[in-house]
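# Residue-level structural notes
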Amino acid sequence: MISRVQGKTLAGEIAVKKLPKLSALEKAMLKWAVVDPDDRLLDANIGTGIMAEYLRRNMQCEVCGVSDNMESVRTARSRLQNCDIVYAAPGDIPWREDAFDTVLMKYGGEEDVVFHRMLSEAGRVLRPGGQLILGATCYPAALHALAVVLAPDSLEERQPFHRAEITCMLESCAFERITWQRTGFATGVLIAWKRKPEVDELRSVG
């Protein structure tokens, strides 16, 4: 018997394969996203808005987006009319707490302090039990060093992706059930869920 999550993953995998405009990493992120119709979703690296457009059209969910690049914001707004797409500084997500069911995010080689703040903000705006999908380009260390030599302008200031360190960051930001899915030779997806309050915590609050 196929579970609800397995059924969604299978259906998403079949549908996403039909989208040539998406990158391999974006297809992988959408494959592992568990989204219900009418869910509220945030693309924390909105880019051109292709992933968000797919989710709005095919999953009938409410999509919002944020970027620290004004040109990306303009492009995404033109693609996703009537969606809330905003500009914000790196590490800032200008929405209230518990506002989203799912957050999509890409690792861009940010400094640890900045990226930890990004994860903390993702945890803040996710509802308890909400899902974070974190996509990453992650070359083996030796290949990353070689890539820096071959393309220094684009990679020398980027921090390499260290899965163990990112996992520790996620745990410190109240995420649990963290899993890693290798999606290609140099790409992968971290899936994490915002921790729900324990029964004792709820009683103490009440």
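Since the structure is predicted, the reported quantities are computational estimates derived from the model, not experimental observations. Sequence order as written defines the numbering, with residues in each chain counted from 1. Given that this is a predicted model, residues contribute local features only at a pLDDT of at least 70 and side-chain atom pairs are listed and counted only at 80 or more, while totals for whole chains, interfaces and linings are drawn from all residues. With hydrogens and water stripped out, all remaining heavy atoms of the structure feed into the side-chain values.

On to the side chain of Asp101, then. Per the convention used, a helix needs a DSSP run of H or I reaching at least four residues, while a strand needs a run of E reaching at least two, with both numbered from the N terminus. As for its placement among the helices and strands, Asp101 is situated in strand β4 (residues 100–106). For Asp101, the side chain forms a polar contact with the side chain of Arg127, separated by 2.5 Å. Residues count as neighbours in contact if any of their non-hydrogen atoms are within 4.5 Å of one another. With residues up to four places along the chain from it excluded, the contact list for Asp101 reads Asp39, Arg40, Leu126, Arg127, Gly130 and Gln131. Under the rule applied, a polar contact is a pair of N or O atoms within 3.5 Å (in protein, one hydrogen donor and one hydrogen acceptor; residues adjacent in sequence only if both atoms are side-chain atoms).

This part takes up unusual backbone geometry. Backbone geometry places Gln60, a non-glycine residue, at a positive phi of 50 degrees. Mapping Gln60 onto the fold places it in the loop between α3 (50–59) and β2 (62–67).

For the rest of this paragraph, the subject is the layout of surface pockets. Cavity: a set of points on a 1 Å grid over the protein atoms alone where a 1.4 Å probe fits but cannot get out. Pocket: an open set with protein on both sides within 12 Å along at least five of seven lines, its lining residues, like those of a cavity, having an atom within 4 Å of a point. Grid points are joined across faces, edges and corners, and a volume is the space filled by probe spheres set on the points. The calculated volume of the largest pocket comes to roughly 300 Å³. Sorting the residues of the lining of the largest pocket by element identifies β2 and β4 as the ones contributing at least two each. When the residues that make up the lining of the largest pocket are grouped by side-chain class, the tally is 8 nonpolar, 7 polar and 4 charged. Each residue is assigned to one class: nonpolar for Ala, Val, Leu, Ile, Met, Phe, Trp, Tyr, Cys and Pro, charged for Asp, Glu, Lys and Arg, and polar for all the others, Gly among them.

So, about the pairing of strand β1 (residues 40–43). Remark: a regular strand shows side chains that alternate across the two faces of the sheet. For every residue, the accessible area obtained with a 1.4 Å probe (protein chains only) is divided by the maximum for its type, and the residue is called buried under 20%, exposed over 50%, and partly exposed between those limits. Residues Arg40 and Leu42 line one face of β1 and the alternating positions Leu41 and Asp43 line the opposite face, and both faces are buried. Pairing between β1 and β2: 4 bridges, direction parallel. Within β2, the position partnered with Leu41 by the bridge is Val63. Handedness of a crossover is defined as follows: with both strands directed away from the viewer, a clockwise route from the first strand across the helix to the second makes it right-handed. Traced from β1 through α3 to β2, the parallel crossover comes out right-handed. Pairing between two strands requires that DSSP report at least two bridges joining them. As paired elements, β1 and β4 share 3 bridges and run parallel to each other. Residue Leu41 lies in a different strand from β4, and its bridge partner there is Thr102.

A few words now on the packing of aromatic side chains. The criterion for an aromatic pair is that two Phe, Tyr or Trp rings (for Trp, the six-membered ring) have centres within 6.5 Å, with stacked assigned to planes under 30 degrees apart, edge-to-face to planes over 60 apart and tilted to the rest. Overall, the coordinates contain 2 aromatic pairs when judged by the stated rule. Summarising the aromatic geometry, the rings of Trp95 and Phe100 are spaced 5.5 Å apart at their centres and angled 75 degrees between planes, so their arrangement reads as edge-to-face. Taken as a pair, Trp95 and Phe100 share a single burial class, namely buried. Summarising the aromatic geometry, the rings of Tyr107 and Phe115 are spaced 4.8 Å apart at their centres and angled 90 degrees between planes, so their arrangement reads as edge-to-face. In this structure, Tyr107 and Phe115 share a single accessibility class: buried.

Right, let's talk about the pairing of strand β6 (residues 175–184) for a bit. Across 7 bridges, the pairing between β6 and strand β7 (residues 187–194) is antiparallel. Each bridged residue has a counterpart across the sheet, and for Arg182 the counterpart in β7 is Gly188. Between β6 and β7, which pair antiparallel and follow one another directly, the connecting turn spans 2 residues.

Glancing now at the sheet that holds β1. Taken in spatial order, the 7 strands of this open sheet run β3-β2-β1-β4-β5-β7-β6, and their pairing is mixed. The open sheet is flanked by β3 (84–87) and β6, the only strands paired with a single partner. With strand direction ignored, the average angle separating the axes of adjacent strands in the sheet is 15 degrees. Where helices are involved, their axes are fitted lines through C-alpha atoms of the stretch in contact, as for all axes, and angles between N-to-C directions lie from 0 to 180°. Taken strand by strand, helix α8 (residues 163–172) contacts β5 (126–137), β6 and β7, and its axis lies near 150 degrees from that of β6.

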